[in-house]
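Chain residues, written in single-letter form:
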Amino acid sequence: MLDLRIIRDDPERLDRSLARRGAAPLSAQILALDVDRRAVQTALQEMQTRRNTASKAIGQAMGQGKTDEAEALKAEVAALKDAMQAAEDRERELAATLNEILAGTPNILDEDIPDGPDESANVELRRHGEPATFDFEPREHFEIGEALGLMDFETAAKLSGSRFTILRGPLARLERALAQFMLDVQTEEFGYTETSVPLLVRDEALFGTGQLPKFAEDLFRTTGDHWMIPTAEVPLTNLVAGEILDEADLPIRVTAHTPCFRAEAGAAGRDTRGMLRQHQFYKVELVSIAHPEQSAAEHERMTSCAEEILKRLGLAYRVVVLASGDTGFGAARTYDIEVWLPGQGQYREISSCSNTHDFQARRMNTRFRRAEGKGTQFVHTLNGSGLAVGRTLIAVLETFQQADGSVVVPEPLRRYMGGREAIGANV
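In this text the structure is predicted, and so the values were computed from the model without any measurement. (Residues numbered from 1 in each chain as written. Predicted model: local features only at pLDDT ≥ 70, side-chain atom pairs only at ≥ 80, totals over all residues. Heavy atoms only, no water.)

### Quick word on the side chain of T327
Along the chain, T327 falls in the loop between β10 (317-321) and β11 (333-341). Of the polar contacts made by the side chain of T327, one reaches the backbone oxygen of A323; its length is 2.8 Å. Setting aside its immediate chain neighbours within four residues, T327 contacts R21, L109, I113, L322 and T334. (Helix = DSSP H or I, 4+ residues; strand = E, 2+ residues; numbered from the N terminus. Polar contact = N/O pair within 3.5 Å; in protein donor to acceptor, adjacent residues only side chain to side chain. Contact = heavy atoms within 4.5 Å.)

In structure tokens, the structure reads:
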């Protein structure tokens, strides 16, 4: 949610950001509604003042025997009551319309991110590692997994339809090992607190992080009043919803390993083979609740924490800053980490790390109290994948595949795999 004061003070800033996203300007519509609402509020205050004055005057007129004057005042009070009711109804209508527009308005972008309509305009910031080379034609992950007899799309489709996968044996254990490794690094070395969170949330939680109302079609809803989480960002960030925190408690860093559920409504025809884009997948999520003056530094730190997983696994990757047209609804700035997939011969996203500034905090009403001075201020919230477990599994399979069809287990994962050094038909 955006701060109305910012739009009042600098409407061009909002419209400039919207234009960079490829969206139409909204400041004139928002400000017109705001002016109308405030005019109705002022009129209500004036009517209430007059009603109070007239009500007192009725008693005085009756006491002085001025019956006609008292009756006229009674009629005025009755008319004011009706007018106030109509004004209150109008104020609620204007407020609802204004809030609906604001709830659907994306965050204001950082001024220095690159301009561009889509991912083609993203700017590479750095690379790490050299893409793996082979003396044979590298295969894609689904070819490797199916040849091993450990990745089963056909049975998954019988159970659940498309975009689901069954992993078996050492491949299922490798997926679990990746998640454990990620959690251990983030909690033991980088100060994130592991948290077990609900997988079902209410409307308010999804509104707080910006998935509702705009992206309802991308979510799975139960027959009750719950939604299945699209990412642990939702429950983790909402842990502080409605809270007033102490400045000394910031930053708060939490992490969770959860399944995530996405309808992928806008992904028809994309990545239909394999497990790159699934309705159900696992992810280790990182969330920071930060001081506004430290959120930019926290963003860099979070991104480096996610990168460290790829470095230790020996996976080549690059980091890009997203262009204006590719930046998500709630983000002011996003870094994507893209891992090299030899089977595809290209870099693919494995983590998005975003700084939302106070956009989510305003929707959640989460503030902090400074150690010195009065009043409260909205926190900044950040989120990132540390990492997408399934996509990391894909990268491991494709990067460490061998000519005989086996896959070498990266050294940091072997202790989670009972010492296993490779996965193969006979290994």
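### Things to note about the pattern of salt bridges
In the structure shown here, the tally under the stated rule is 28 salt bridges. Among the ionic pairs, R370 bridges to E293, the shortest N-O distance being 3.3 Å. Here the residue R370 occupies a position in the loop between β13 (367-369) and β14 (376-378), and E293 occupies one in the loop between β9 (280-290) and α10 (295-313), the gap between them amounting to 77 residues. E293 gets classed as exposed once you look at its relative accessible area, which sits at 58%. When salt bridges that share partners are traced, they join D3, R5, D358 and R362 into one network. (Salt bridge = Lys/Arg side-chain N within 4 Å of Asp/Glu carboxyl O. Buried < 20%, exposed > 50% of the residue type's maximum accessible area, 1.4 Å probe, protein only.)

### Things to note about the nonpolar core
Counting 56 residues, the largest nonpolar core has L171 and L174 as its most contacted members. Take this core: its biggest share by element is 9 residues, from helix α7 (residues 169-188). Ignoring sequence-local partners within four residues, the contact set of L174 consists of L393, V396, L397, V409, L413, M417 and I423. Within the second largest apolar cluster, 23 residues are counted, among which are I30, L44, M84 and A103. (Core = buried A, V, L, I, M, F, W, Y, C linked by side-chain atoms within 4.5 Å.)

### Considerations on the sheet that holds strand β4 (residues 193-194)
Within the open sheet, the 8 strands sit side by side as β1-β10-β11-β12-β15-β9-β8-β4. Their pairing is mixed. For this open sheet the edge positions go to β1 (123-128) and β4, each flanked by a neighbour on one side alone. Across 10 bridges, strand β8 (residues 252-261) lies against β9 in antiparallel orientation. Residue pairing for β9: H257 is matched across the bridge by V284. Running at roughly 35° to strand β15 (residues 380-388), helix α12 (residues 389-399) makes contact with β8, β9, β11, β12 (346-355) and β15 of the sheet. (Pairing = 2+ DSSP bridges. Axes fitted to C-alpha atoms, helices over the stretch in contact; angles between N-to-C directions.)

Purely geometric stuff here, so don't read any function into it on its own.
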